[in-house]
Amino acid sequence: MRVLVVEDERKIAGFIRQGLEEHGFAVEVCGNGDEAYTLATTRPYDTIILDIMLPGRDGLSILRGLRERKNTVPVILVTARTELNERLDGLNLGADDYLTKPFYVEELIARIHAVSRRVKDDQLGLLQVGDLTVDLMQRKVRRGEREVELTAREFGLLERLMRTPGRVFTRTQLLEHVWGYDFDPETNLVDVNIRRLRKKVDDESASPLIETVRGVGYRLRKAAPDGRADAR
Ligand code: CA
């Protein structure tokens, strides 16, 4: 795995390099935003670790540039605890994950593995949360060993929720995504379909994934690292 570490603080860059190399990664370090952007756009990396405050182009501008060029290389932002707004901007710009300094290198490695797995699944057209998998090509859904039969609308809802686990969608957002026409705002189509989806996906499982957020809408729980649904 080739990793580009964009970090101008030498101590931190050195610590990341050493930790990653000890775990078998090929690491390049760059401390200048302009040079980092050139590297990122001309060489293939499996993941980029990106600091925000840099001499030259800042990290968010690098990220924006990459995504505007449709470069989908996984990017993990490394931010200071105080950079909350930058972190949110970064996620909106298409960062795959973030870590706040200080962190353990083991944590960084876990995140690298997680984002590259996600990218691989994406290329295969697979969405996975816990033991729930959706094959977008074959339009097949499995919960553990069980195959789940869904209608087109139920499939659309599940796909929407699974693309960003943990994010809450309002009924209106789900209606627009799945039905996509002018609908009566009083309609209960979403609730009816979610109820059916739940019955099919969650009923026989010990860890339900589809969650109602009272007064707001619905979301899919994030999977914990051990593969079970995360109760947070
Ligand atoms: Ca910095």
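Residues numbered from 1 in each chain as written. Predicted model: local features only at pLDDT ≥ 70, side-chain atom pairs only at ≥ 80, totals over all residues. Heavy atoms only, no water.

Participant: Provide a residue-level description of the coordination of the calcium ion, including the pertinent values.
Facilitator: Coordination of the calcium ion by the protein involves Asp8 (OD), Asp51 (OD) and Met53 (O), with metal-donor separations of 2.1 to 2.3 Å. Sequence positions of the residues that donate to the calcium ion give the spacing D-x42-D-x1-M. Within this pair, whereas Asp8 is found in the loop between β1 (2-6) and α1 (10-22), its partner Asp51 is found in strand β3 (residues 47-51), the two being separated by 43 residues in sequence. Classification of Asp51 as buried rests on a relative accessible area of 4%. (Donors = N, O, S within 2.8 Å, 3.2 Å for Na, K, Ca; no water. Helix = DSSP H or I, 4+ residues; strand = E, 2+ residues; numbered from the N terminus. Buried < 20%, exposed > 50% of the residue type's maximum accessible area, 1.4 Å probe, protein only.)

Participant: Describe a nonpolar patch on the surface, listing the residues and the values that go with them.
Facilitator: Where nonpolar side chains cluster on the molecular surface, the patch consists of Leu84, Leu88, Leu91 and Tyr98 and spans about 330 Å² of accessible area. Top element by residues in the nonpolar patch is helix α4 (residues 84-93). It accounts for three residues. Structurally, Leu91 is set in helix α4. (Patch = residues over 30% accessible without salt bridge, like charges linked within 9 Å, V, L, I, M, F, W, Y side chains within 5 Å. Areas by Shrake-Rupley, 256 points an atom, 1.4 Å probe, with all protein chains shown as cover. Salt bridge = Lys/Arg side-chain N within 4 Å of Asp/Glu carboxyl O.)

Participant: Break down the sheet that holds β1 for me, with residues and values.
Facilitator: Consider a sheet: its strands pair through backbone hydrogen bonds, and that pairing is either parallel or antiparallel. Judged by pairing direction, the sheet is parallel, and its five strands sit side by side in the order β2-β1-β3-β4-β5 without closing on themselves. Of all the strands in the sheet, just β2 (26-30) and β5 (97-100) have a single pairing partner and so form its edges. Between one strand axis and the next, the sheet turns through 20 degrees on average, direction left out of account. Two strands pair when backbone bridges link them, and β3 and strand β4 (residues 75-79) are joined in this way by four bridges, in the parallel orientation. Directly across from Ile49, in β4, lies its bridge partner Ile76. (Pairing = 2+ DSSP bridges. Axes fitted to C-alpha atoms, helices over the stretch in contact; angles between N-to-C directions.)

Participant: Residue-level account of the domain arrangement of the chain, with values.
Facilitator: Split by domain assignment, the chain resolves into domain 1 (2-123) and domain 2 (126-220). Computed over C-alpha atoms, the centres of domain 1 and domain 2 are 32 Å apart. (Domains from an automatic or database assignment.)

Participant: Now, about the pattern of salt bridges: what can you tell me, with residues and values included?
Facilitator: Think of it this way: side chains of opposite charge can pair up when their charged atoms draw near. According to the stated counting rule, one finds 19 salt bridges in the structure shown. Of the charged contacts in the structure, one is a salt bridge between Arg142 and Glu147, with a shortest N-O distance of 3.4 Å. Overall, Glu147 belongs to the partly exposed group, its relative accessible area being 40%. Overlapping salt bridges, with partners in common, bring together Glu7, Glu9, Asp51 and Lys101 in one network.

Participant: Report on the environment of Leu39, specifying residues and quantitative values.
Facilitator: Tracing the backbone through its elements, the reader meets Leu39 in helix α2 (residues 33-42). Residue classification places Leu39 among the buried residues on the basis of a relative accessible area of 16%. C-alpha of Leu39 to C-alpha of Glu28: the two residues are 11 residues apart in sequence and 9.6 Å apart in space. Excluding anything up to four places from it in sequence, Leu39 contacts Leu4, Glu28, Cys30 and Tyr45. (Contact = heavy atoms within 4.5 Å.)

Participant: Would you mind going over unusual backbone geometry in detail, with residue names and values included?
Facilitator: Across the junction of Lys101 and Pro102, the peptide omega takes the value -5 degrees, indicating a cis bond. For Pro102, the location among the structural elements is in the loop between β5 and α5 (105-123).

Participant: Outline the sheet that holds strand β7 (residues 132-135), supporting the account with residue identities and numerical values.
Facilitator: Taken together, four strands build an open sheet; the order of strands is β6-β7-β8-β9 and the sheet is antiparallel. In this open sheet, the two strands that pair with only one neighbour each are β6 (126-129) and β9 (146-148). If you compare each strand with its neighbour and ignore which way they point, the axes differ by 20 degrees on average. In this structure, strand β8 (residues 140-143) lies alongside β9, joined through three bridges in antiparallel fashion. Note on β9: the bridge partner recorded for Arg143 is Arg146. Here helix α6 (residues 152-163) sits on the sheet and contacts β6, β7 and β8; the angle it forms with β7, its principal contact strand, is near 115 degrees. Lying on the sheet, helix α8 (residues 189-201) is in contact with β7, β8 and β9; it crosses β9 at an angle near 165 degrees.

Participant: Can you explain the environment of Asp135? Please cite residues and give values.
Facilitator: Turning to its location among the elements, Asp135 is positioned in strand β7. A residue is classified by how much of its surface remains accessible, and Asp135, at 17% relative accessible area, is buried. Residues Asp135 and Leu124, spaced 11 residues apart in sequence, show a C-alpha to C-alpha distance of 8.3 Å. A distance of 3.0 Å separates a polar atom in the side chain of Asp135 from the backbone nitrogen of Gln138. (Polar contact = N/O pair within 3.5 Å; in protein donor to acceptor, adjacent residues only side chain to side chain.)

Participant: Any chance you could break down the nonpolar core for me, citing the residues and the numbers?
Facilitator: Ranked by size, the top nonpolar core spans 26 residues in total, and within it Val134, Val141, Leu158, Met162 and Leu220 carry the most contacts. When contributions to this core are tallied by element, the ones reaching two or more residues are β6, β7, α6, α7 (171-178), α8 and β12 (217-220). In terms of residue count, the dominant contributor to this core is α6 (five residues). Not counting residues up to four positions away in its chain, the partners in contact with Met162 are Leu127, Gln128, Val129, Leu132, Val134 and Leu220. Grouped together as the second largest cluster of nonpolar side chains are 20 residues, Val6, Ala36, Leu60 and Leu77 included. (Core = buried A, V, L, I, M, F, W, Y, C linked by side-chain atoms within 4.5 Å.)

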